[in-house]
Amino acid sequence: DSGVTQTPKHLITATGQRVTLRCSPRSGDLSVYWYQQSLDQGLQFLIQYYNGEERAKGNILERFSAQQFPDLHSELNLSSLELGDSALYFCASSVGSSRSTDTQYFGPGTRLTVL
Amino acid sequence: QQQVKQSPQSLIVQKGGISIINCAYENTAFDYFPWYQQFPGKGPALLIAIRPDVSEKKEGRFTISFNKSAKQFSLHIMDSQPGDSATYFCAVSYGQNFVFGPGTRLSVLP
C-alpha cells in the first residue's frame, strides 16, 4: 500500500458527461501528479500540483482540469467525455516538487469507462 | 517523437532465469533513470533508479546497467521468480521533464 488513495475505483459514464476523480496524497507529501494510462498511449503525464499551485503541465486536454485544495487532496475533472477518454487514471504524490529527485508514490488508480 | 524506447514489448522467462529489459533515449540532458514495476490492478511502484554518474546499481536481484555513451540503460532481474511477473516501465527525467517508456510485460513461468 503506497499510502495514496483514489476514489472511485471504477467509474462508468456516457459520452458528453462530466466526472470528478479524487486523490489523497501520502501524509506529508506536497506534490500531486495525475497520469492517464491507456493501452495505446501508455503512461501519460497530465499535470502536477505542488502545495496548491500548478507546477507542471503535460499532455492534458483542455476538457480536463485539476486542482489541489488546502488540505492537499486533489481532484481531476474530465468533461465532455469521449470514448477515447476511457483509461486508468493514476494519481501519484511526492514530498518535494521535482520528479527527478523525489520518489513518486502511485495510488491504485480509477478505471474510467465511457460508453 | 518518442523520447524513450523500450524493448522487448513482452518477455517470457523460466523461473530462475535472467530477465533483461532495455531502454534507449535520445536527449543527453536526462539525468535520472528509474524503473517502475506494475502489477495488474495496481499503480506503478519505483523499483530501482540510477543517475548517469555511475554505470551500474544493484539492489537485491535487480540491477540497472547504464551506458551513457550509447544512451542506453537496462534492467536485469536475476533468479527471476513467478512473483516478478508484472509490467516494467523505464523512465527518463531531467528537471520537470519526465517520460515513461511504453512498458514490458514480463511473465516468469514456474
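Residues numbered from 1 in each chain as written. Chains lettered and ligands numbered in written order. Predicted model: local features only at pLDDT ≥ 70, side-chain atom pairs only at ≥ 80, totals over all residues. Heavy atoms only, no water.

**Q** In this structure, what is going on with the side chain of threonine 63 of chain B? I would like to understand it.
**A** Counting through the fold element by element, threonine 63 of chain B comes out in strand E7 (residues 62-67). Contacts of threonine 63 of chain B, omitting those with residues within four sequence positions, involve Ile48, Glu56, Lys57, Lys58, Ser74, Leu75 and His76 of chain B. (Helix = DSSP H or I, 4+ residues; strand = E, 2+ residues; numbered from the N terminus. Contact = heavy atoms within 4.5 Å.)

**Q** Looking at this structure, how should I read the interface of chain B and chain A?
**A** Each partner contributes to the interface: chain B provides 18 residues, whereas chain A provides 17 residues. Taken together, the two surfaces of chain B and chain A that pack against each other cover about 1400 Å², and 48% of this comes from carbon and sulfur. It is Gln96, Phe98 and Phe100 of chain B in chain B that bury the most area against chain A; as a group they hold 39% of the surface buried on that side. Applying the counting rule to chain B against chain A returns 0 salt bridges. Put simply, the parts of the chain that give the side of chain B that touches chain A at least two residues each are strand E4 (33-38), strand E9 (86-94) and strand E10 (97-100) of chain B. A per-class count over the side of chain B that touches chain A returns 8 nonpolar, 7 polar and 3 charged. (Buried area = accessible area lost by both parts, 1.4 Å probe. Salt bridge = Lys/Arg side-chain N within 4 Å of Asp/Glu carboxyl O. Nonpolar A, V, L, I, M, F, W, Y, C, P; charged D, E, K, R; others polar.)

**Q** Teacher, can you tell me more about the nonpolar core here?
**A** The nonpolar side chains of a soluble globular protein tend to be buried with one another. Membership of the largest hydrophobic core comes to 25 residues, with the highest contact counts inside it found for Phe33, Trp35, Phe73, Leu75, Tyr88 and Val92 of chain B. Going through the elements one at a time, strand E2 (10-14), strand E3 (19-25), E4, strand E5 (45-50), E7, strand E8 (72-77), E9 and strand E11 (104-109) of chain B are the ones with two or more residues in this core. Looking at which element gives the most residues to this core, the answer is E9 of chain B, with 4 residues. Each residue touching valine 92 of chain B, except ones within four places of it in the same chain, is listed here: Val4, Tyr25, Phe30, Tyr32, Phe33, Pro34, Phe73, Asn97, Phe98 and Val99 of chain B. In terms of nonpolar packing, the next biggest core, distinct from the first, is built from 21 residues, Leu11, Leu46, Ile47 and Leu112 of chain A among them. (Core = buried A, V, L, I, M, F, W, Y, C linked by side-chain atoms within 4.5 Å. Buried < 20%, exposed > 50% of the residue type's maximum accessible area, 1.4 Å probe, protein only.)

**Q** How do you make sense of the sheet that holds strand E6 (residues 56-59) of chain B when you look at a structure like this?
**A** Sheet strands pair by backbone hydrogen bonding; their relative direction is either parallel or antiparallel. Residue and element names in this part refer to chain B. Sheet architecture is open: 5 strands sit in the order E1-E3-E8-E7-E6, paired in antiparallel fashion. What marks the edges here is a single partner per strand, and that holds for strand E1 (4-7) and E6. Across the sheet, the mean angle from the axis of one strand to that of its neighbour is 15 degrees, orientation sign disregarded. For E6 and E7, the ladder comprises 4 bridges, and the chain directions are antiparallel. When the bridges of E7 are listed, glutamate 56 appears paired with serine 65. (Pairing = 2+ DSSP bridges. Axes fitted to C-alpha atoms, helices over the stretch in contact; angles between N-to-C directions.)

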